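Each chain, written out:
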Amino acid sequence: QVQLVESGGGLVQAGGSLRLSCAHSGSIFRINIMGWYRQAPGKQRELVASTTNTGKTDYADSVKGRFTISRDSAKNMVFLQMNSLKPEDTAVYYCNIKDLRIDSWGQGTQVTVSS
């Protein structure tokens, strides 16, 4: 019964920044992983960044140093700050949460980076 809604996507020029937000409803287990995935046309969905309940983070090599994932568990929110955006970052970005019960996905938000 956990639902996720992403927001913050849009069109931005190369070198610009966007901040994605994900709000989730319903309670989740203390032990959990929240993450951002992306999928470009014709390509498989890939993990961009993730964060655990302990604050441990993981990033795809392609975004290290440019993207930052953060969470506010009290507000049921997870964020992705994207800086120095490149055209290769163009994709639909999906919020995801996993715990002992669920593996839930948002519907995605489009990020388009123009050159």
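Everything below is about the structure printed above this text.
An account of the accompanying structure is given in this report. (Residues numbered from 1 in each chain as written. Predicted model: local features only at pLDDT ≥ 70, side-chain atom pairs only at ≥ 80, totals over all residues. Heavy atoms only, no water.)

**Overview of the environment of E88**
Piece 1. Relative to the helices and strands, E88 resides in the loop between β8 (77-82) and β9 (91-98).
Piece 2. By relative accessible area, E88 is classed as exposed at 57%. (Helix = DSSP H or I, 4+ residues; strand = E, 2+ residues; numbered from the N terminus. Buried < 20%, exposed > 50% of the residue type's maximum accessible area, 1.4 Å probe, protein only.)

**Notes on the nonpolar core**
Piece 1. Grouped together as the largest cluster of nonpolar side chains are 27 residues, with contacts concentrated most on W36, V48, F67, L80, M82 and Y93.
Piece 2. Counting only elements with at least two residues in this core, the list comes to β3 (18-25), β4 (33-39), β5 (46-52), β7 (67-72), β8, β9 and β11 (109-114).
Piece 3. With four residues, β9 is the single largest residue contributor to this core.
Piece 4. Once residues lying within four places of it in the same chain are set aside, the contact partners of V48 are W36, Y37, R38, D58, Y59, A60, V63, F67, L80 and Y93. (Core = buried A, V, L, I, M, F, W, Y, C linked by side-chain atoms within 4.5 Å. Contact = heavy atoms within 4.5 Å.)

**Regarding the state of the cysteines**
Piece 1. Summed over the entire model, instances satisfying the criterion amount to one disulfide.
Piece 2. Covalent S-S linkage joins C22 and C95, the inter-sulfur distance amounting to 2.1 Å. Handedness of the C22-C95 disulfide follows from its S-S torsion of about -85°: it is left-handed. With C22 in strand β3 and C95 in strand β9, this pair connects stretches of sequence that are 73 residues apart. This pair shows no difference in class: C22 is buried, exactly as C95 is. (Disulfide = S-S within 2.5 Å.)

**Side note on the pairing of β8**
Piece 1. Note: β3 against β8, six bridges, orientation antiparallel. Residue pairing in the sheet places A23 in a bridge with M77 of β8.
Piece 2. Linking β7 back to β8 in an antiparallel pair, the connection comprises four residues, with N76 at a positive phi of about 55°. (Pairing = 2+ DSSP bridges.)

**What about the sheet that holds β8?**
Two pairing modes exist for strands in a sheet, parallel and antiparallel, and in both the strands are linked by backbone hydrogen bonds.
Piece 1. Sheet architecture is open: four strands sit in the order β1-β3-β8-β7, paired in antiparallel fashion. Two strands lie at the open edges of the sheet, namely β1 (3-7) and β7, each paired on one side alone. Across the sheet, the mean angle from the axis of one strand to that of its neighbour is 15°, orientation sign disregarded. (Axes fitted to C-alpha atoms, helices over the stretch in contact; angles between N-to-C directions.)

**Focus: the pattern of salt bridges**
Piece 1. Tallied over the full model, the rule gives six salt bridges.
Piece 2. The residue E46 makes a salt bridge to R38 at a minimum N-O spacing of 2.8 Å.
Piece 3. In this structure R38 comes out as buried when scored by relative accessible area, which is 6%.
Piece 4. With a closest N to O distance of 2.8 Å, D89 and R66 form a salt bridge. (Salt bridge = Lys/Arg side-chain N within 4 Å of Asp/Glu carboxyl O.)

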